[in-house]
Structure formats: structure tokens, C-alpha cells
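The residues making up each chain are set out below.
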Amino acid sequence: MLRRLQDLDVKSKRVLVRVDFNVPLDKKTGAITDDTRIRASLPTINYLLSQNARVILMSHLGRPDGQVVESLRMDKVARRLGELLGKEVLVTGDCVGSDVETLALGLKDGQVLMLENLRFHPEEEKNDLAFAQKLARLGEIYVNDAFATAHRAHASTEGVAHFLPSCAGFLMQKEYDYLSKVLENPAKPLLAITGGAKVSDKLKLLLNLLSRVNVLLIGGGMAYTFLKARGLQIGTSLCENELVEKAKEIMVEASKAGVELLLPLDLVVAKDLNNPSDHLVVPVEQIPAEYGGVDIGPKTRELFKEKIKQAKTIVWNGPVGVFEIPPFDQGSRAIALALAESTALTIVGGGDTAAAVEKFGLADKISHVSTGGGASLEFLEGRSLPGIEVLKN
Ligand code: AMP
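Thresholds, definitions, all that
Residues numbered from 1 in each chain as written. Predicted model: local features only at pLDDT ≥ 70, side-chain atom pairs only at ≥ 80, totals over all residues. Heavy atoms only, no water. Core = buried A, V, L, I, M, F, W, Y, C linked by side-chain atoms within 4.5 Å. Buried < 20%, exposed > 50% of the residue type's maximum accessible area, 1.4 Å probe, protein only. Helix = DSSP H or I, 4+ residues; strand = E, 2+ residues; numbered from the N terminus. Domains from an automatic or database assignment. Contact = heavy atoms within 4.5 Å. Salt bridge = Lys/Arg side-chain N within 4 Å of Asp/Glu carboxyl O. Near = heavy atom within 4 Å. Polar contact = N/O pair within 3.5 Å; in protein donor to acceptor, adjacent residues only side chain to side chain. Nonpolar A, V, L, I, M, F, W, Y, C, P; charged D, E, K, R; others polar.

Colleague: Outline the nonpolar core, supporting the account with residue identities and numerical values.
Modeller: With 73 residues, the main nonpolar core has L115, L135, F147, L216, I218, F226 and I388 as its most contacted residues. Residue contributions to this core peak at six residues, all from helix α8 (residues 199–210). Each of domain 1 (5–173) and domain 2 (185–380) contributes no fewer than three residues to this core. With residues up to four places along the chain from it excluded, the contact list for F226 reads V199, L206, I218, A247, I250, M251 and L263.

Now the structure itself:
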């Protein structure tokens, strides 16, 4: 169990909150192009303000690699947050040091301070103890609401928790609760859809799910290594030859465990992603040598939709086609729609899959779309996440 924010007395306290404000910025203007991550932390911040806490926020932004990078300062993020909260958000020129301490200690009830980019200091990513201690000096309570960085043991996500009473914010709790529902006592049948580019990226996920799921649907670039393992000719499709044997083993394991592992029946194949109009729909047994698979075909969409209808818990990680390039988004769109129409508990692992669901305008019809790409993948792989472990009783 995670220690929860609502169980601590935060009234008038200085609460140091790790948020994930690593928002995408426009390369030319530096403007924030998507504020989803800022909005995702509002429940925690608003709750703290309702308790008259003194809120000190900390995050990284981009990859400054331990140096001050002017374009990666937090002031624009603080401004956007201020607009969303309808109140001033104070900023600092640094995230540690005596000036910052003076500011933090001088905060009044209900004030909000945004610290400067944590990754301007190399000690952050090294989980340096002295640096974590300096951060801890700013607050009286530590709240971690940055699920997306919970798989990293950094000073602000792990180290600092050793120096202050600590707990999980509302976003962190939500992520943990939903993702746990896949791994612990899920309502059955449990169905997983895996896709994305490579088997190697999803191997640990597949192995962890194999002992838990009833049905496993495999699409995307990773399906071709499995089709090759079945002895099929896959043309120019993505393939990891070194994993063909592993794919065979996974199929044998699935059959032994009574898992229904389904691969595509038909495919959309293209010669060149730059020329999407030149594509064909073919059965998996008939991929022309000069074509490569870019999406699941219509028969597969129907089969997958049928299986999705029967499931009670569904987890989806990895698009089943090159969803960024229409019309090769049709397979992923069909999966997203099937999830949206399902009455099951539906969970979408972050990163590209979340982007796909957003693109189709269906995110609000899914029980939970994770805000963490790497973190949700590692969670579903069954690994312990350092930023979560320190928040457990
Ligand atoms: P991942 O980050 O591993 O979930 O991979 C997502 C990426 O996989 C997306 O950018 C998709 O375009 C890509 N992808 C999905 N299906 C295919 C495919 N059949 N061939 C190549 N790339 C694919």
C-alpha cells in the first residue's frame, strides 16, 4: 500500500511536491505545445491549496544534462500553471541553495513556489544524497506525484523521501491503483494487446503477462518476428532475427499455459512509408517480397474486436500499426474504439499508445490512460519502481 496524501496533516505546512512538468516545447518559440502533464497534477495542487499548505513544486524539463540551459527554465511552466490555478506561482533561479531556502521558508499559507529545473544539477540524476538533503530542507512533507519518472531513482524521486515524511499524490495513487488492477486479481478474462515497433522493447512485458493473461493479441512491428517464427515470409517488415527463437518459445509457453495468443490474420503492407497510397491488404501468408507490414488488416481488426468484447480487464501497450501515418492508423483506431465501447476495465500504457488514443479523441472513454511511458511499461513488467517503493508502508 502506498502512503496517501489524504492521510497526512498538511495544513500550513511546507509541502515539497515532485511533479512531472516535463512538457513538450515548440522548437522555435519555446512555447508549451501540450499542457496535459501540468493539468494532471492539478488535483494534488488544488487539494494542498484547499488545506492552506505552502506548496513547493519541483520538476525536470527536457534534458539539460546537469547544466543551466536558458530555454529549459521553469518560468513558462510556472506561468501556465498560474493561469490554470488562477493565482501567482513564484519562481526561483535555482532549485537548491540559501536564496531558495529563504524563499521557501518565507512562504505564506496558500502560496505556490516553482523551483528551477532539477536537472540543471548533475546530482539530481545521480541521486546524490547531499543534494537530496538540500531539497528536503525546503519542505516539511514530501509528496511524489510524478509517476512518469517513478522508474528512475533520482534525488527528487527517491533520495529526498528518506529525509521527510513522504506520501503519494493523487495522480501517483491513481496510476498505481489502476496498473495494479492488471497484475493483482484482475477481473477475468484478462486480455492484453501488445504492439509497437520491437519485440525486444516488450519482451519483459510479454514474459510477465504470459502467466497472467487469458488472451494475448500481438500486433504492430513486433508481430512480424512472431510471424517469421511461424515460418512465414514477411517481406521487408520489421523483424528481429535474433528473437525469432524466443518468439517460438513464447508461443509454446502460451499454449502450455492455456493463453490464447493471437497474431494478425491479414495485414496492410506498403512498399514505402513515404508513399502511403501504394499499399495492399494481404493475408499473412501472402506478403509480397518487396512490401512490409504497416498495420493489421480488416479481418484481424474484426477478430481482435471480438476478443476485446469478451474481456473484463484489458491492457493495451503499443500501437498495432504505424498510427502516425494514415491510413495505417486504422488498426489502432479500431482497437481504441473497441476499448472505448467495452464495459471492461480498460488501461492504456503510456507513450505512443496514449498518444494514439488522444489522437483518436477517445482518451476520456478509457478507464485509465497512463501518463508514464517507461514507468507504466516497467510497472507492467512486474519490476519495482524506486519512486514508488519509497512511498510504501
Ligand atoms: P513503441 O514505442 O515500442 O510502443 O512503438 C511505437 C511505434 O511503433 C510507433 O511509432 C509505430 O509507428 C510503430 N509501429 C507500429 N506498428 C509498426 C509496424 N508494423 N512497422 C513499423 N513500425 C510500427
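Colleague: Break down the pattern of salt bridges for me, with residues and values.
Modeller: Within this structure, the stated rule accounts for 22 salt bridges. One salt bridge in this structure joins D35 and R80, with 2.8 Å as the shortest N-O distance. With D35 in the loop between β1 (14–18) and α1 (36–40) and R80 in helix α3 (residues 75–85), this residue pair connects regions lying 45 residues apart in the sequence. One salt-bridge network, held together by shared partners, links D35, R39, R80 and E83.

Colleague: Can you explain the site of the ligand? Please cite residues and give values.
Modeller: Lining the immediate surroundings of the ligand are 16 residues, of which K202, G293, G321, E324 and D352 lie closest. Take A197: an N or O atom from its main chain is 3.1 Å from an oxygen atom of the ligand. In this structure, a nitrogen atom belonging to the ligand sits 3.5 Å away from a main-chain N or O atom of G321. For the shell around the ligand, the elements supplying multiple residues, two or more each, are α8 and β12 (292–296). Along the lines of polarity and charge, the residues of the shell around the ligand split into six nonpolar, six polar and four charged.

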